[in-house]
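One-letter residues, chain by chain:
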Amino acid sequence: AQSVTQLDSQVPVFEEAPVELRCNYSSSVSVYLFWYVQYPNQGLQLLLKYLSGSTLVESINGFEAEFNKSQTSFHLRKPSVHISDTAEYFCAVSEPGAGSYQLTFGKGTKLSVIP
Amino acid sequence: DVKVTQSSRYLVKRTGEKVFLECVQDMDHENMFWYRQDPGLGLRLIYFSYDVKMKEKGDIPEGYSVSREKKERFSLILESASTNQTSMYLCASRVGLAGGTDTQYFGPGTRLTVL
């Protein structure tokens, strides 16, 4: 069974500083990896995903994540955060296959950007 | 844009009441999901439906049932609400591509309090 570990439950960071949110997964097979973001009082929305190909994937608002198969990691980074990035971030994994209906989520990391 | 709506943002019920949470999506998606979100536990899958009248248990189905009579609507039912079902409930839908590469789209959530 697959599982996802987000090592930090809360990450405070000053505005314009860089940030890394860590995600490790356990799976014996190839996986698809996702980062979702939940802004206050909203549902989740997709930030970016890795399916295949280039191991570095980017979002439209400056986040990027790198798939590292040897370390089974998919860490999320941003070189300079804004106040509007304050949110909870969830890493998720699914396994390829015809019956792969489910996403397995990590417990989330709350990013607080301090002015 | 895909839109997933949930019938209530906030709901207060008494122990023992039967509770219905409704979810509607407007993009003809095959798959629909119900999650509950609790602080420190992330998202946990309650039930999902891969087609009309088809359902599968998720990780925590006890105390819940679901109904999907029409493609666009997926209902979560608490037969006899209990205080430990106080939580945020999130509905999601996705196209349903084989292999699980497609994005899940989430509703805004229903915060249920059981007194």
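Residues numbered from 1 in each chain as written. Chains lettered and ligands numbered in written order. Predicted model: local features only at pLDDT ≥ 70, side-chain atom pairs only at ≥ 80, totals over all residues. Heavy atoms only, no water.

A. The arrangement of the overall build of chain B in detail. Within chain B, the regular secondary structure consists of zero helices and eleven strands. When the elements of chain B are put in sequence order from the N terminus, they spell out β-β-β-β-β-β-β-β-β-β-β. Taken over the C-alpha trace, chain B has a radius of gyration of 13 Å; the compact-globule value for 115 residues is 13 Å, and the two agree within 12%. Judged by the C-alpha coordinates and their principal axes, chain B covers about 40 × 30 × 25 Å. When the 115 residues of chain B are sorted by exposure, 50% land in the buried category. Counting only contacts in chain B whose residues sit at least 6 apart along the sequence, the fraction spanning at least 24 positions is 56%. For chain B, the accessible surface area stands at approximately 5400 Å², while carbon and sulfur atoms represent 51% of it. (Helix = DSSP H or I, 4+ residues; strand = E, 2+ residues; numbered from the N terminus. Rg over C-alpha atoms; globule rule 2.2 N^0.38 Å. Buried < 20%, exposed > 50% of the residue type's maximum accessible area, 1.4 Å probe, protein only. Contact = heavy atoms within 4.5 Å. Areas by Shrake-Rupley, 256 points an atom, 1.4 Å probe, with all protein chains shown as cover.)

B. How the structure looks around the interface of chain A and chain B. Contacts between chain A and chain B engage 25 residues on the former and 26 residues on the latter. For the pair chain A and chain B, the two sides together bury roughly 1900 Å², of which 53% comes from carbon and sulfur. On inspection of chain A and its partner chain B, the count reaches zero salt bridges. Seen at the junction of chain A and chain B, the total is four residue pairs in polar contact (both at pLDDT 80 or more). Looking at the side of chain A that touches chain B, the elements with two or more residues in it are β5 (32-38), β6 (44-50) and β10 (87-94) of chain A. If you tally residues by element for the side of chain A that touches chain B, the top one is β5 of chain A, at four residues. Taken together, the residues of the side of chain A that touches chain B sort by class into twelve nonpolar, nine polar and four charged. (Buried area = accessible area lost by both parts, 1.4 Å probe. Salt bridge = Lys/Arg side-chain N within 4 Å of Asp/Glu carboxyl O. Polar contact = N/O pair within 3.5 Å; in protein donor to acceptor, adjacent residues only side chain to side chain. Nonpolar A, V, L, I, M, F, W, Y, C, P; charged D, E, K, R; others polar.)

C. Local environment of the pairing of strand β8 (residues 64-68) of chain A. Residue and element names in this part refer to chain A. Of the two faces of β8, the one holding A65 and F67 is buried and the one holding E64, E66 and N68 is not buried anywhere. As defined by bridge partners, strand β7 (residues 56-58) adjoins β8 across three bridges and the pair is classed as antiparallel. Each residue of the ladder has a partner; that of L56, found in β8, is E66. Once β7 ends, the chain turns through five residues before running back antiparallel as β8, passing G62 with a positive phi of about 95°. Across five bridges, β8 lies against strand β9 (residues 73-78) in antiparallel orientation. The partner of N68 across the bridge, within β9, is S73. The loop that links β8 with its antiparallel partner β9 comprises four residues; one of these, T72, has a positive phi angle of about 45°. (Pairing = 2+ DSSP bridges.)

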